[in-house]
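Each chain is listed here by its residues.
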Amino acid sequence: MKFDVKEDGKRIVVICLASLLMAVNIKSFVRTGGLYPGGATGLTILIQRIAQMFWKVELPYTLVNVLLNALPIYIGFRYIGKKFTLYSCLMIFLTGIFTDMVPGYKITYDLLLISIFGGMINGFVISVCFAMNATTGGTDFIAIYLSEKKGVESFNLVLGLNVIILSAAGLLFGWDKALYSIIFQYASTQVLHALYKKYQRLTVFVVTNKPQEISDAIFRVSHHGATILEGEGSYGHCERNVVYSVVSYAETKKVMNAIRETDPEAFVNAIRTEQLSGRFYQKPAE
């Protein structure tokens, strides 16, 4: 692992701020509304409330959350990336410590407002962590592992775990809080989807007279291959080549700039890819 003082220093500062915001969100929104976020955070809160309800024991958030993240951390360290996992561990530990230390401030008691704005803050924090090449832990490790290493759709697994958490919460503490938690998770997912686009794909069609140069330029900036198709212009009936490639949404700007620099006259059409099967290069986590 290589560390850059400027780059990694910035990542550490951002992760510290993100963990503090996550802790404030848990204390001021999640606990005020009695909600259950998805993944390890929601399971931690559920275990804490079960311990309090049945045994009158106040379990520390940090202890429970770290224990739940033990296996996901091993998966991340072993199969995803050591640097990625170390920064994720920093996020997990700091979030737990801040959650135990930061006093809760009840901004509002309106459950709908708590669900919407708490979910938005949660999604924002997760997207910031992903942008810093880290995660908030829990099912994020498993989802990334299945998506990148095994090519398995992880949505159903994460959804299934959240359904179990919400079902248990509904049976024990009332279905109204479980249903509001669905709104919380939906708001979180929408914000994450809007801000973090690494796992979204775009299909790029480039009509050009320099097909090989365009293909080389796409590979140079994104490491994605391309297919060159032969065609004919319908107006001038002249030969045209079409370069077909699929790239990550996050790489779109670099790819577009590279195409324009290679052939300013190229006609480019980028279409969102809904489903993809086959080998697709994904930059590995450090």
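Rules and cut-offs
Residues numbered from 1 in each chain as written. Predicted model: local features only at pLDDT ≥ 70, side-chain atom pairs only at ≥ 80, totals over all residues. Heavy atoms only, no water. Helix = DSSP H or I, 4+ residues; strand = E, 2+ residues; numbered from the N terminus. Buried < 20%, exposed > 50% of the residue type's maximum accessible area, 1.4 Å probe, protein only. Contact = heavy atoms within 4.5 Å. Areas by Shrake-Rupley, 256 points an atom, 1.4 Å probe, with all protein chains shown as cover. Patch = residues over 30% accessible without salt bridge, like charges linked within 9 Å, V, L, I, M, F, W, Y side chains within 5 Å. Salt bridge = Lys/Arg side-chain N within 4 Å of Asp/Glu carboxyl O. pLDDT = per-residue confidence, 0-100. Phe/Tyr/Trp six-rings, centres within 6.5 Å; stacked < 30°, edge-to-face > 60°. Pairing = 2+ DSSP bridges. Axes fitted to C-alpha atoms, helices over the stretch in contact; angles between N-to-C directions. 1 Å grid on protein atoms, 1.4 Å probe; cavity = no way out; pocket = protein on both sides within 12 Å on 5 of 7 lines; lining within 4 Å. Points joined across faces, edges and corners; volume = space filled by probe spheres on them.

Okay, the overall build of the protein chain next. Summing up its helical and strand segments, the protein chain has 11 helices and four strands in all. Principal-axis analysis of the C-alpha atoms gives the protein chain an extent of 80 × 40 × 35 Å. When burial is assessed residue by residue, the protein chain has 45% of its 286 residues classed as buried. The long-range fraction of contacts in the protein chain, counting pairs at least 24 apart against all pairs at least 6 apart in sequence, stands at 75%. For the protein chain, the accessible area works out to roughly 15,900 Å², and carbon and sulfur atoms hold 63% of it.

Here the focus is a nonpolar patch on the surface. A contiguous nonpolar patch, built from Met53, Phe54, Trp55, Val57, Leu171, Leu172, Trp175, Leu179 and Ile182 and spanning about 960 Å² of accessible area, is present on the exposed surface. Listing elements by their share of the nonpolar patch, those giving two or more residues are α2 (39-55), α8 (155-173) and α9 (175-195). On the secondary structure map, isoleucine 182 appears in helix α9.

The subject of this paragraph is the confidence of the model for the protein chain. Residue-level pLDDT values for the protein chain average 89, and 94% of them are 70 or greater. Element-level pLDDT for the protein chain is lowest in helix α7 (residues 139-150), with a mean of 74, against a maximum mean of 95 in helix α10 (residues 211-222).

For the structure shown, the criterion picks out five aromatic pairs. Residues tyrosine 36 and phenylalanine 173 carry aromatic rings whose centres are separated by 6.2 Å and whose planes lie at 25° to one another, so their mutual orientation is stacked. Taken together, the positions of tyrosine 36 in the loop between α1 (5-33) and α2 and phenylalanine 173 in helix α8 put the pair 137 residues apart, joining distant regions of the chain. Accessibility expressed as a relative area gives 2% for tyrosine 36, which makes it buried.

Quick look at the sheet that holds strand β4 (residues 267-273) now. The pairing of strands in a sheet happens through backbone hydrogen bonds and is either parallel or antiparallel. Reading across from one edge, β2-β3-β1-β4 is the order of the four strands in this open sheet, with antiparallel pairing throughout. Only two strands of the sheet have a single partner each, and these edge strands are β2 (227-232) and β4. When the angles between neighbouring strand axes are averaged without regard to direction, this sheet yields 25°. As defined by bridge partners, strand β1 (residues 201-208) adjoins strand β3 (residues 239-248) across eight bridges and the pair is classed as antiparallel. Counterpart to valine 207 in the pairing with β3 is valine 242. Strand contacts of α10: β1, β2 and β3, with the helix running at about 10° to β3, the strand carrying the most contacts.

All right, on to empty space enclosed by the protein then. Considering all chains together, one arrives at one cavity of 30 Å³ or more under this definition. By volume, the largest cavity is sized at about 60 Å³. Forming the walls of the largest cavity are Met22, Ile26, Thr41, Tyr61, Asn65, Met91, Ile92, Thr95 and Thr136. Contributions of two or more residues to the lining of the largest cavity are made by α1, α3 (61-68) and α5 (82-101). Among the elements that take part in the lining of the largest cavity, α5 stands out by supplying three residues, more than any other.

Moving on, we come to α3. For α3, the complete set of buried residues consists of Tyr61, Thr62, Val64 and Asn65. On its buried face, α3 sits against α1, α2 and α5.

This part is about the pattern of salt bridges. Within the structure shown, the criterion is met by three salt bridges. Salt-bridge contacts for arginine 11 lead to aspartate 8; the nearest nitrogen and oxygen are separated by 3.6 Å. Taken as a pair, arginine 11 and aspartate 8 lie in helix α1 at a separation of three residues, close to a single helical turn. Residue classification places arginine 11 among the buried positions, given a relative accessible area of 5%. By relative accessible area, which is 5% here, aspartate 8 ends up buried. The partner of lysine 83 in a salt bridge is aspartate 8, with the nearest N and O atoms 3.2 Å apart. One end of the pair, lysine 83, is in helix α5; the other, aspartate 8, is in helix α1, with 75 residues separating them in the sequence. As far as burial versus exposure is concerned, lysine 83 and aspartate 8 are alike and both buried. By sharing partners, the salt bridges in this structure join Asp8, Arg11 and Lys83 into a single network.

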